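Residue-level structural notes
Each chain, letter by letter, is given below.
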Amino acid sequence: MHVLVVEDDPAISGPLVQGLQRNGFDATCVGFGGLVVEALPGKDLVILDLGLPDMDGLEVLKAIRKISDIPVIIATARGDEMDRVVGLEIGADDYVVKPFSVRELAARVRAISRRRVVEAPSEMGQVSLDRNRRSVLVSGEPIDLTAKEFDLLAVLLEEPGRVVPRQELYSRVWDPVWIGSGKTLDVHVAGLRKKLGNSDLIETVRGVGYRYVDLP
Ligand code: CA
């Protein structure tokens, strides 16, 4: 998997490229929006800083979308919520808010590449989750989840049996730099269990996180 990093600040791009490489990805960096389109061939995913010296990052995203459906993760500064919303609307697959950790980013890159491979609904026992339609069926019957409950279930279903750490759930379902030890996650898990109609499907691993149990 070859990641194209579009970032003009070498203090960010250097560690980012190295970090991605440490996580098993090939990574190449360009510092100008005008170089992105010609750098796309052979790349599998783009991490796009929206604050570039020569072009608006959102214009770069539009230029990419004209020629390619390559996954794009946009990187925005805290507070640039509007950019984030517009970016997702015009075809970004995900976003990270600066400052973000390489670990967090690598997890998102992996999640996106998995999502791209597995476009078909995830089916685990009686539960079927369709990411495109954002719908969940339990024993063939649709259930009504909130956006957060859906996102939470989608992350847990990526790898049934894997204990997903609380921190990862917070950062992927809520905010990339979520801080705190609140009960928000637990409340959502409780709601999700209730709606799934089987509290054994999501197992609590004390002090670590949650895992989806693949019941026969
Ligand atoms: Ca920048």
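Please refer to the structure higher up on the page.
Overview of the structure. (Residues numbered from 1 in each chain as written. Predicted model: local features only at pLDDT ≥ 70, side-chain atom pairs only at ≥ 80, totals over all residues. Heavy atoms only, no water.)

Quick notes on helix α1 (residues 10-22)
- Its 13 residues place the ends of α1 18 Å apart at the C-alpha level, agreeing with the 18 Å of an ideal helix rising 1.5 Å per residue.
- What α1 keeps buried is the set Ser13, Leu16, Val17, Gly19 and Leu20. Along the axis of α1, the buried residues cluster in a sector spanning 165°; they form a single face. Facing away from the buried surface of α1 by more than 90 degrees, the exposed residues are Pro10, Ala11 and Arg22.
- Once α1 ends, the next one or two residues include Gly24, with phi positive near 95°. (Helix = DSSP H or I, 4+ residues; strand = E, 2+ residues; numbered from the N terminus. Expected span 1.5 Å × (residues − 1). Buried < 20%, exposed > 50% of the residue type's maximum accessible area, 1.4 Å probe, protein only. Arc of directions from axis to C-beta.)

Some points on the sheet that holds strand β10 (residues 164-165)
- Taken in spatial order, the three strands of this open sheet run β10-β12-β11, and their pairing is antiparallel. Looking at which strands have only one partner, the edges of the open sheet turn out to be β10 and β11 (202-205).
- In this sheet, strand β12 (residues 209-212) lies alongside β11 in antiparallel orientation, the contact comprising four bridges. By the bridge assignment, Val205 is partnered in β12 with Gly209.
- Each of β11 and β12 touches helix α8 (residues 184-196); the most contacted strand, β11, lies at about 150° to it. (Pairing = 2+ DSSP bridges. Contact = heavy atoms within 4.5 Å. Axes fitted to C-alpha atoms, helices over the stretch in contact; angles between N-to-C directions.)

Observations regarding the pattern of salt bridges
- One pass over the full model with this rule turns up 14 salt bridges.
- In this structure, Lys98 engages Glu7 in a salt bridge whose closest nitrogen and oxygen atoms are separated by 3.1 Å. Here Glu7 lies in the loop between β1 (2-6) and α1 and Lys98 lies in strand β5 (residues 94-98), a separation of 91 residues in the sequence.
- By relative accessible area, Glu7 is classed as buried at 5%.
- The residue Lys195 makes a salt bridge to Glu149 at a minimum N-O spacing of 2.7 Å. (Salt bridge = Lys/Arg side-chain N within 4 Å of Asp/Glu carboxyl O.)

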